[in-house]
Amino acid sequence: MATYQDSRYNIALPSGAGGSLVHIKTIAASSDSTISFVDGTSDVVLDNTYRTYIFKFINIHAGSDDVLFSVGFRDGSTAYDATKTTTLFQTEHNESDSGTPVFTYATGDDLAQGTGFQVMTRNLGTGNDECASGELWLFNPSSTTYVKHFMFKSNINSNDDSSDASYGAGYCNVTAAIDAVQFKFNSGNIDAGTFKLYGIA
Amino acid sequence: MANYNAVKYDGFSKGGLKLIKTLTASSSATLSFVDGTSDVVLDSTYKEYLFIFNNIHPGTDNSAFAFQGNAAGGSGYNETITSTNFRAFHAEDDSGQTVSYVTGNDQAQGTSFQRLTSNINSANDSGACGYLHLFNPSSTTFVKHFIARVGYEEQEASIQVDMFTSGYFNTTSAIDEIQFKFESGNIDAGTIQLFGVA
């Protein structure tokens, strides 16, 4: 159980000796086509204040059936089209326990120096028991020397009634800083869900 | 900058990460976290510790990033480890991709430094980012588990790698020192942060 002393310690030293997982911003989706975290906008911090950032996405519910949840990164322009090389592997297990559980590299949903959005889940439906939760780590996005690494993991109740996990990682192969991150489905809106951004001091 | 409301909820209501120590490499042969030295805490204060790696950049081509522990009262980073290692990779030119076990990066009761990556080169578009969880290192009853995930660009032809490593120090002695290094050459640059998970 945290004590008052713990809380006081974090407040006094948020970016120094105390350190912590510091909450920056929460955005609730409501039939939104995209959800964006833009440095300097609406209290979002996504710069050299922190070395590491974590996005949590919780109960992300699609507005359309048979869609993929994805992420894009902005590297200096207004578009979320930073060049990326990525890996993605996934598992699947049906609620009915039928068939052989899937463990596979997702060849069609990775990127090789691609500028499109990176898929972070298997296929979602619109049933209330179908949604996605997970997290995305972004390392040192303000670096103008190194590529910007990211890694994520997610789980969904898919549109064919299975538990599907996705593990992806990659780098934005650019020296420009990444100053904004956007989430969306490949089709339709984000009907509901919660997005949280944290900085690690 | 977090406001009071944000800190109140994350630091007070949920507990969280407590930064213990940040080490910045600068052509360093090793980076070591030693309990009781230079403000490092690595004992029973926390049940779980988290190391975060940011842009760990080798000084020499073709070298793997690795770690080992030293037991309390012992000498040398040479504890017995049994571990697993697998990775997904994808070439930038789309010439290959898969997920598979990496036999050469595991250990079976070995005492070598545990690989967290395969070979990395020293170009600026290389380097490694990721994290390592170390569970209950002060236990004198149980083995000490660790779980790591590191992303990097591999030596050969611009290949992106997502590497997963887990295992345990197979000892009942407490582990109170952790050291990181490249198997050859220095750590040219990068930071390693140690957090306690409250």
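Refer to the structure printed above.
Note that the structure is predicted; figures quoted are calculated from it, not measured.

Caption draft 1: Here's a closer look at the pattern of salt bridges. Residue and element names in this part refer to chain A. Enumeration over the complete set of coordinates arrives at seven salt bridges over all chains. The partner of R122 in a salt bridge is E92, and the shortest N-O contact between them spans 2.5 Å. Of this pair, R122 sits in the loop between β7 (118-119) and β8 (132-139) while E92 is found in strand β5 (residues 84-94), placing the two residues 30 residues apart along the sequence. In this pair, the class of R122 matches that of E92, namely buried. Across the pair R122 and D164 runs a salt bridge whose closest N-O atoms are separated by 3.2 Å. A residue pair is termed long-range when its members are at least 10 positions apart, and R122 in the loop between β7 and β8 and D164 in strand β10 (residues 162-172) qualify at 42 residues. D164 carries the same exposure label as R122, and that label is buried.

Caption draft 2: Spatial organisation of the sheet that holds strand β4 (residues 69-74) of chain A. Residue and element names in this part refer to chain A. The sheet built from four strands is open, its strands ordered β2-β11-β4-β7 with antiparallel pairing. The sheet terminates laterally at β2 (35-38) and β7, the two strands that pair on one side only. Two strands pair when backbone bridges link them, and β4 and β7 are joined in this way by two bridges, in the antiparallel orientation. Within β7, the position partnered with V71 by the bridge is Q118.

Caption draft 3: Highlighting the packing of aromatic side chains. A full pass over the atoms with the stated rule returns 31 aromatic pairs over all chains. Taking 5.0 Å as the distance between ring centres and 90° as the angle between the ring planes, the aromatic pair formed by B:F67 and B:F146 counts as edge-to-face. With a gap of 79 residues between them, B:F67 in strand β4 (residues 63-71) and B:F146 in strand β9 (residues 144-154) connect regions that are remote in the sequence. Among the aromatic side chains, those forming a connected cluster through ring pairs are B:F33, B:F51, B:F53, B:F65, B:F67, B:F146, B:F169, B:F180 and B:F182. Lying over the aromatic face of A:F117, A:K184 brings its terminal NZ or CZ to 4.2 Å of the ring centre. Stacked on the ring of B:F113, the Lys or Arg B:K181 has its end atom at 4.2 Å from the ring centre.

Cut-offs used in this document
- Residues numbered from 1 in each chain as written.
- Chains lettered and ligands numbered in written order.
- Predicted model: local features only at pLDDT ≥ 70, side-chain atom pairs only at ≥ 80, totals over all residues.
- Heavy atoms only, no water.
- Salt bridge = Lys/Arg side-chain N within 4 Å of Asp/Glu carboxyl O.
- Helix = DSSP H or I, 4+ residues; strand = E, 2+ residues; numbered from the N terminus.
- Buried < 20%, exposed > 50% of the residue type's maximum accessible area, 1.4 Å probe, protein only.
- Pairing = 2+ DSSP bridges.
- Phe/Tyr/Trp six-rings, centres within 6.5 Å; stacked < 30°, edge-to-face > 60°.
- Lys NZ or Arg CZ within 6 Å of the ring centre and 35° of its normal.

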